[in-house]
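# Reading the structure
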Amino acid sequence: MNNPNAPIPALTVTGNGKVMAPANAVQLQIAVITKGNDVTDAQKENAVIMNRVIQSLLNLGIPRENIQTAVYTVSPTYDYIEGKQVFSGFEITNAITVKISEINQVGAVIDTAVQNGANRLSSLQFTVENSDYYYQQALSLALQNAQLKARTIADTMQLSLHPHPIEILEEGTSIPPVLYKSVVMAEQFVSTPIEQGQMTISATVRVTFRY
């Protein structure tokens, strides 16, 4: 006589799927750093330069809503003279985050910002704006991978596997941005080459089959 409380024999496998997607958007931070003995003068100089940088980006066609202030700091600076810390003035850092939807415009944005006074690129990330489209493909591949694993195990162990799973769990997605380290912008009027590249979008599922 069968025990109605007996656990259902089941097989759980993990499926993985990955697709390559072209990066189609970029986010970067452009900073203006000024120094001076008087904090007010340093702030005024910084504001003039940053306003010029922002206007130059608007002239390139970057929407104003894609330009946001990310960092604004006022920090004292010090020199070390004969082992002693001596106050030397103030450093003003004003950084904006710029979102660029046209990859081929990134080099021009960087060059224009430098030419108008920006002196630091604090980060540059390639992203995929329509990532859900590619994730659905990765998810389909993950489910196929899980089914293949289950069939392989069942055939090897001579199990009669039920074709329809009794449980499917999404374990998550991975869409890591391509990140470039912070670098100081070179003050030279040459075109900055930016390669688009490919990004890996992955999906993972846990699927349980009855046998």
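Residues numbered from 1 in each chain as written. Predicted model: local features only at pLDDT ≥ 70, side-chain atom pairs only at ≥ 80, totals over all residues. Heavy atoms only, no water.

Next up on the list: unusual backbone geometry. Backbone geometry at Glu82 places phi at a positive 50°, although glycine is not the residue there. Positionally, Glu82 belongs in the loop between strand E3 (67-81) and strand E4 (84-100). The class for Glu82 is exposed, based on a relative accessible area of 79%. The backbone phi angle of Gln158 is positive, close to 55°, even though this residue is not glycine. Take Gln158: its relative accessible area is 73%, and that puts it in the exposed class. (Helix = DSSP H or I, 4+ residues; strand = E, 2+ residues; numbered from the N terminus. Buried < 20%, exposed > 50% of the residue type's maximum accessible area, 1.4 Å probe, protein only.)

In this structure, Asn94 sits in strand E4. Overall, the relative accessible area of 10% leaves Asn94 in the buried class. Setting aside residues up to four positions removed in sequence, Asn94 forms contacts with Ile30, Ala31, Val32, Asn46, Met50, Thr69, Val71 and Tyr72. (Contact = heavy atoms within 4.5 Å.)

All right, on to a nonpolar patch on the surface then. A cluster of nonpolar residues, Tyr78, Tyr80 and Phe87, forms a patch on the protein surface that exposes about 370 Å² of accessible area. Considering the arrangement of structural elements, one finds Tyr80 in strand E3. (Patch = residues over 30% accessible without salt bridge, like charges linked within 9 Å, V, L, I, M, F, W, Y side chains within 5 Å. Areas by Shrake-Rupley, 256 points an atom, 1.4 Å probe, with all protein chains shown as cover. Salt bridge = Lys/Arg side-chain N within 4 Å of Asp/Glu carboxyl O.)

The next point concerns helix H1 (residues 39-59). An α-helix turns once every 3.6 residues. As a result, residues three or four positions apart point the same way. For H1, which comprises 21 residues, the first-to-last C-alpha distance of 30 Å matches the rise-based estimate of 30 Å (1.5 Å per residue) to within 8%. When H1 is considered as a whole, its buried residues turn out to be Ala42, Asn46, Ile49, Met50, Val53, Ile54, Ser56, Leu57 and Leu58. Two to three positions downstream of the cap, the backbone nitrogen of Thr40 sits 3.0 Å from a side-chain oxygen, assigning the N-cap of H1 to Asp38. Taken from the residues just after H1, Gly61 is the one with a positive phi, measuring 100°. (Expected span 1.5 Å × (residues − 1). Polar contact = N/O pair within 3.5 Å; in protein donor to acceptor, adjacent residues only side chain to side chain.)

Moving on: the pattern of salt bridges. On inspection of all chains with the given rule, the structure shows 3 salt bridges. Residue Glu171 pairs with Arg206 through a salt bridge whose shortest N-O separation is 3.5 Å. Of the two residues, Glu171 is situated in strand E6 (residues 167-174) and Arg206 in strand E8 (residues 198-210); the sequence distance between them amounts to 35 residues.

This paragraph deals with the environment of Thr12. By the element assignment, Thr12 lies in strand E1 (residues 10-22). When the C-alpha atoms of Thr12 and Ile168 are compared, they prove to be 9.4 Å apart, with 156 residues separating the residues in sequence. Those residues in contact with Thr12 that sit more than four places away from it in its chain are Arg206, Val207 and Thr208.

This part is about the confidence of the model for the protein. Note: predicted coordinates in regions of low pLDDT should not be interpreted at a detailed level. Mean pLDDT over the protein: 87, with 86% of residues reaching 70 or higher. Ranking the elements of the protein by mean pLDDT puts strand E7 (residues 178-180) last, at 54, and H1 first, at 97. Predicted confidence for residues 181-190 stays below pLDDT 50, and this span has 18 contacts to residues more than four positions away or in other chains. (pLDDT = per-residue confidence, 0-100.)

For the rest of this paragraph, the subject is the packing of aromatic side chains. To describe a pair of aromatic rings, you give the distance between the ring centres and the angle between the ring planes. Counted under the stated rule, the structure contains 3 aromatic pairs. Their ring planes at 75° and their centres at 6.0 Å tell us that Tyr78 and Phe87 sit as a pair that is edge-to-face. For Tyr78, a relative accessible area of 39% translates into the label partly exposed. Here Phe87 falls in the partly exposed class, since its relative accessible area comes to 44%. Ring centres of Tyr133 and Tyr134 lie 5.1 Å apart, and the angle between their planes is 80°; on these two criteria the pair is classed as edge-to-face. Tyr133 gets classed as exposed once you look at its relative accessible area, which sits at 53%. When its relative accessible area of 15% is taken as the criterion, Tyr134 is described as buried. (Phe/Tyr/Trp six-rings, centres within 6.5 Å; stacked < 30°, edge-to-face > 60°.)

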